[in-house]
Amino acid sequence: MPRRFSFRSKLLVFLASIVLPIALAWGCSSTQPTNPSASSPSSSPLPVSSSPSSKDASLAMEIGKGIIAACPIADPGDEKARDQCGEKLAKLEVFRDSVGEEVLWGGQKEAGLYVLKENHLTAFDPLVWRRTYLSTFMFSGEPSVEEKDGLTVVHLPIHFRNKLDIGSFPYPFWHSNKKWTSYQQAKELLLVMKDGKVKGAMRSADKDPQRPMVKHEWDGQWRWTDTSGQQEPKVVLYKYLFSEANPHVKSLDTAYRAFEVEMREHSCASLS
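Numbers given to residues run from 1 along each chain, matching the order in which its sequence is written. Note on the predicted model: pLDDT of at least 70 is required for a residue's local features to be given, and 80 or more for side-chain atom pairs to be given and counted; whole-chain, interface and lining totals, by contrast, use all residues. In computing side-chain values, all of the structure's heavy atoms are included and hydrogens and water are not.

Q: Could you give an account of the overall build of the chain, with specific residues and numbers?
A: Only DSSP runs of H or I with at least four residues qualify as helices, and only runs of E with at least two residues qualify as strands; both kinds are numbered from the N terminus onward. The number of helices and strands found in the chain is 9 helices and 9 strands. With 272 residues in all, the chain has 49% of them scored as buried. Pairs of residues are marked as contacts when any of their non-hydrogen atoms sit within 4.5 Å. A separation threshold of at least 6 residues defines the contact pool for the chain, and within that pool the share at least 24 residues apart is 74%. All accessibility values rest on the Shrake-Rupley procedure with a 1.4 Å probe; residue burial counts only the protein chains present in the view. As presented, the chain carries roughly 13000 Å² of accessible surface, and 51% of it is formed by carbon and sulfur atoms. Note on exposure labels: buried denotes an accessible area under 20% of the residue type's maximum, exposed denotes more than 50%, and partly exposed covers the range between, all computed with a 1.4 Å probe on protein chains only.

If you want it as structure tokens, here you go:
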């Protein structure tokens, strides 16, 4: 089961999840062991249907179509297209209203394994996840729905925006070659639903090794400042997540900085 922060205030949960480079250095891990064969997909094709029958499946199809429409294929280095995608995902009502207080995210261990507690996932604030993680993908084609183990899974064909500026990723995914490869080669994004709610999402274990790859060398820094003085990654700053005209952004940032100091005592072994 994913380990969750036990804070009384929803604000602290939100604050803990928004600045991933910091959270990665502290405590947000899953207790599930890493499976060294996680990238080996099953040779059997997954039974999926484009004509869902259950109520959850119908909702899943509607959400899938909304996500695809919000983030169409563009140049993988197009920053504006990514920003527009993030804004649309944040405002996609059918998706927003179908997610609870958290969403579980990570790579699927093996093809066909959808039970979230059996995968190595991390809990995120839904808005943060949609705005900073989900928006790094582009979508094409049509969604398809599968019902298995009491779950409804919507399959979304994806392409990763691997040519974005390094400050446009929530944290340096390339600190791990396995993780960076997973983001670039995963063929699908899998949304897992139960009882009318999106419980989690995964990068599929099914990969396409022929996809163009971008290489980055990690310098050991989770956070840095560019030559213009911009704090990076810029997408984890409040001014990126919210409107610059929002009067609460400055005080929220101040509160988080104090929270950040306290969290440095913790450690984290899970990366998503």
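Q: Describe the pairing of strand 7 (residues 197-203), naming the residues involved and giving the relevant values.
A: The two faces of a sheet get side chains in turn, since along a regular strand they alternate between them. Of all the 7 residues making up strand 7, 5 are buried; the element is thus mostly covered by neighbouring parts of the structure. Two strands pair if DSSP finds at least two bridges between them. Pairing of strand 1 (residues 99-107) with strand 7, which is carried by 5 bridges, proceeds in the parallel orientation. When the bridges of strand 7 are listed, Gly106 appears paired with Met202. Bridging between strand 6 (residues 188-194) and strand 7 involves 6 bridges; their strand directions are antiparallel. Paired with Val192 across the strands is Gly200, a residue of strand 7.

Q: Just give me the short version of the state of the cysteines, but keep the residues and values in it.
A: By definition, disulfides here are pairs of cysteine sulfur atoms that lie within 2.5 Å. Under the definition given, this model contains 1 disulfide. Note on cysteine connectivity: Cys71 is disulfide-linked to Cys85, with sulfurs 2.0 Å apart. Looking along the S-S bond of the Cys71-Cys85 disulfide, the torsion reads about 80 degrees, which is the right-handed sense. With Cys71 in the loop between helix 3 (55-70) and helix 4 (79-91) and Cys85 in helix 4, this residue pair connects regions lying 14 residues apart in the sequence. Accessibility classification places Cys71 together with Cys85 in one group, the buried group.

Q: Hey, could you go over helix 6 (residues 126-133) for me, with residue numbers and the actual values?
A: Of all 8 residues making up helix 6, 7 are buried, and the element is well covered by its neighbours. Regarding helix 6, its N-cap is Asp125, as a side-chain oxygen of that residue lies 3.0 Å from the backbone nitrogen of Leu127 further along. In the analysis that follows, any N or O atom pair within 3.5 Å is treated as a polar contact, provided that within protein one partner can donate a hydrogen and the other can accept it, and provided that, for residues neighboring in sequence, both atoms belong to side chains.

Q: Before we move on, can you summarise the packing of aromatic side chains with the specific residues and values?
A: Two rings from Phe, Tyr or Trp (for Trp, the six-membered ring) form a pair when their centres sit within 6.5 Å of each other. Planes less than 30 degrees apart are called stacked, planes more than 60 degrees apart edge-to-face, and all others tilted. Counted by the stated rule, this structure contains 20 aromatic pairs. Between Trp105 and Trp129 the ring centres are 5.7 Å apart and the planes differ by 55 degrees, which places this aromatic pair in the tilted class. In this pair, Trp105 sits in strand 1 while Trp129 sits in helix 6, placing the two residues 24 residues apart along the sequence. Judged by its relative accessible area of 1%, Trp105 falls in the buried class. Residue Trp129 is classed as buried on the basis of its relative accessible area of 1%. Working rule: Lys NZ or Arg CZ, within 6 Å of ring centre, within 35 degrees of ring normal, means a charge sits over the ring. Directly above the aromatic system of Phe95 lies the positively charged group of Arg130, at a separation of 5.9 Å from the ring centroid. Arg203 extends its terminal NZ or CZ atom over the ring of Tyr183, reaching a point 4.0 Å from the ring centre.

Q: Lay out the side chain of Asp56 with the relevant residues and their values.
A: Take Asp56: it is sitting in helix 3. Within the structure, Asp56 has its side chain in polar contact with the backbone nitrogen of Gly196 (distance 2.7 Å). Beyond its immediate chain neighbours, meaning those up to four positions away, Asp56 contacts Thr152, Met193, Lys194, Asp195 and Gly196.

Q: For unusual backbone geometry, give the residues involved together with the corresponding values.
A: Residues Glu232 and Pro233 are joined by a peptide bond in cis, for which omega reads 0 degrees. Residue placement: Pro233 occurs in the loop between strand 9 (231-232) and helix 8 (238-241). Even without glycine at this site, Asp149 takes up a positive phi of about 55 degrees. By the secondary structure assignment, Asp149 is in the loop between strand 4 (144-148) and strand 5 (151-160). One non-glycine residue with positive phi stands out, namely Asp195, at about 55 degrees. By the secondary structure assignment, Asp195 is in the loop between strand 6 and strand 7.

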